[in-house]
Amino acid sequence: MPILLIIPLLLLIIVLLWVRHQRVLRQRAWLMREAIRNRDFSFRLPTKGLPSGERAMQETLNELGNTIREQVNQNEVDTWERLTRVLTHEIMNATAPITSISQSLLNHPAVKGSEIEDGVKAIYDTSRHLSEFVANYRKMSELEQPMLSTVELPALLDDISRTYPQLSWQINVPKNTNVRADAGMLRQVLMNLVKNAAEAGAQKIIIEASNGSKGLKGLKGLKGSKGLKGFPLELFVGNDGAPIPAENRPTLFVPFFSTKRSGSGIGLPLSRRMMLQQGGLLELADRPLLGCHVTFLLNIPYN
């Protein structure tokens, strides 16, 4: 082929590749813009096949999304904590004398067996229930500071699975996966998730790990925590219990929101706060694991 034909052909190929590349970048920018518009800061732009400069830029954008997500979660928790202090103070001041007086009246001879006994007992029971309600609320703002240490995640998960032998467990976490966390707090968070799943009728629990720093899903490429200190481990905790209705998802971590009659609505907000105190995150995953109806995502720093 004559050289005069080769050069224009090469130029045409370069132009087509450049146009295609720009179209891909525009599509990724649109996806990120839509994610931010919908307050979904868990977006992760693909970086495969990009030149080093653009790959570094998109990795930075991915990290920025994680930072925004952490800040949004922290601001929500701080807001509820400030509200908690005001509400608990005012409500306890109002209910304490009601509970005390109604209890004294129930023991009074003039009230026992009279027509007003049931009414006084209803006042006592209601005020006591409200006091317990507020006491649970206080847990949101009275957590002790976490004692961070090296936690062997597989051993912790095996121990939790033995607590619920009636459930079928599938744990896909590599051996020697160590995280930096408060062992007691992390255990309580996981126990809360499993307890909620069991109460929602779950028969199966699936737990999978991925290397959040690389954007991997599942276990591909995850060889344990060696060399990943400071990066987040993504731990997916899924179950096949009743799905969470779409209208309930935005208020899932709001204190005292519960779809269960006997639920206090404190478990998930408290669990999120404990994860934030340890430098991690707790969220509802965008898509459940295969075979699950509900999946939560925990971000835990590697040790």
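Note that the coordinates shown come from a computational prediction; the quantities given were computed from them, not determined experimentally.

About the criteria used
- Residues numbered from 1 in each chain as written.
- Predicted model: local features only at pLDDT ≥ 70, side-chain atom pairs only at ≥ 80, totals over all residues.
- Heavy atoms only, no water.
- Buried < 20%, exposed > 50% of the residue type's maximum accessible area, 1.4 Å probe, protein only.
- Helix = DSSP H or I, 4+ residues; strand = E, 2+ residues; numbered from the N terminus.
- Pairing = 2+ DSSP bridges.
- Phe/Tyr/Trp six-rings, centres within 6.5 Å; stacked < 30°, edge-to-face > 60°.
- Lys NZ or Arg CZ within 6 Å of the ring centre and 35° of its normal.
- Axes fitted to C-alpha atoms, helices over the stretch in contact; angles between N-to-C directions.
- Contact = heavy atoms within 4.5 Å.
- Salt bridge = Lys/Arg side-chain N within 4 Å of Asp/Glu carboxyl O.
- Core = buried A, V, L, I, M, F, W, Y, C linked by side-chain atoms within 4.5 Å.
- Parallel < 35°, antiparallel > 145°, perpendicular 65-115°, else oblique.
- Left-handed = near helix turned anticlockwise from the far one by under 90°.
- Nonpolar A, V, L, I, M, F, W, Y, C, P; charged D, E, K, R; others polar.

A. Quick peek at the pairing of strand S7 (residues 294–301). Counting buried residues along S7, 8 of its 8 residues qualify, which places the element largely inside the surrounding structure. Residues Val 294, Phe 296, Leu 298 and Ile 300 of S7 are buried on one face, and the alternating residues Thr 295, Leu 297, Asn 299 and Pro 301, pointing to the opposite face, are buried as well. Sheet topology places strand S5 (residues 232–239) next to S7; 8 bridges connect them, and they run antiparallel. Looking at S7, one finds that Pro 232 is bridged to Pro 301. Pairing between strand S6 (residues 281–284) and S7: 4 bridges, direction antiparallel. Looking across to S7, one finds that Leu 282 is bridged to Leu 298.

B. Geometry of the packing of aromatic side chains. One pass over the full model with this rule turns up 1 aromatic pair. Looking at Arg 272, its charged tip hangs above the ring of Phe 253, at a distance of 3.9 Å from the centre.

C. Spatial organisation of the sheet that holds strand S2 (residues 168–172). One open sheet holds the 5 strands; their spatial order is S2-S4-S5-S7-S6, and the pairing between them is mixed. Looking at which strands have only one partner, the edges of the open sheet turn out to be S2 and S6. The mean inter-strand angle of the sheet, taken between neighbouring strand axes irrespective of direction, is 15°. Running over the sheet, helix H5 (residues 183–199) touches S2, strand S4 (204–211), S5, S6 and S7 and is turned about 175° from S7. Against the sheet, helix H6 (residues 267–277) makes contact with S6 and S7, and its axis sits at roughly 140° relative to S6, the strand it touches most.

D. Just the pattern of salt bridges, in detail. The full count for this structure, using the stated rule, is 5 salt bridges. Between Lys 121 and Asp 125 there is a salt bridge; the shortest N-O distance is 2.9 Å. Highlighted residues: Lys 121 and Asp 125, both in helix H3 (residues 117–138), separated by 4 residues, approximately one helical turn. Since its relative accessible area comes to 41%, Lys 121 is described here as partly exposed. For Asp 159, the salt bridge is made with Arg 162, and the minimal N-O distance between the two is 3.7 Å. A residue pair is termed a helical-turn pair when its members lie 3 or 4 positions apart in one helix, as Asp 159 and Arg 162 do in helix H4 (residues 153–163) at 3 residues.

E. Focus on the nonpolar core. Within the largest apolar cluster, 39 residues are counted, with the highest numbers of intra-cluster contacts made by Leu 186, Leu 190, Leu 235, Phe 296 and Leu 298. Residue assignment for this core shows that the elements contributing at least two residues are H4, strand S3 (178–181), H5, S4, S5, H6, S6 and S7. Considering each element in turn, this core owes the most residues, 8 residues, to H5. When sequence neighbours within four positions are dropped, the list of residues in contact with Leu 186 reads Val 151, Leu 153, Leu 156, Val 179, Ala 181, Met 275, Gln 278, Leu 298 and Ile 300. Grouped together as the second largest cluster of nonpolar side chains are 6 residues, Ile 206, Ala 285, Leu 289 and Cys 292 included.

F. Fine view of the packing of H5 against H6. At a minimum axis distance of 9 Å, the contact between H5 and H6 shows a crossing angle of 150°. Taken together, the axes of H5 and H6 are roughly antiparallel relative to one another. For the pair H5 and H6, the crossing hand works out as left-handed. Listed contacts from H6 to Met 185, Leu 186, Gln 188, Val 189, Asn 192, Leu 193 and Asn 196 of H5 are Gly 267, Leu 268, Leu 270, Ser 271, Met 274, Met 275 and Gln 277. Looking at the contact of H5 with H6 residue by residue, the class counts come to 8 nonpolar, 6 polar and no charged.

G. The arrangement of unusual backbone geometry in detail. Positive phi, close to 65°, is recorded for Asn 176, a residue that is not glycine. By secondary structure assignment, the location of Asn 176 is in the loop between S2 and S3.

H. A look at the packing of H4 against H5. For the pair H4 and H5, the least separation of the axes is 11 Å and the interaxial angle reads 40°. If you check the angle between H4 and H5, you find them oblique. Remark: the crossing between H4 and H5 carries right-handed chirality. Residue-level inspection shows Leu 153, Leu 156, Leu 157, Asp 159, Ile 160 and Thr 163 of H4 in contact with H5, the latter providing Leu 186, Arg 187, Leu 190, Met 191 and Val 194. Residue composition of the contact of H4 with H5, by class: 8 nonpolar, 1 polar and 2 charged.

I. Local environment of the environment of Gly 241. With respect to the secondary-structure elements, Gly 241 resides in the loop between S5 and H6. Each C-alpha atom, one on Gly 241 and one on Gly 201, is 4.8 Å from the other, the two residues being 40 residues apart in sequence. Apart from residues lying up to four places away in sequence, Gly 241 is in contact with Ala 200, Gly 201, Ala 202 and His 293.

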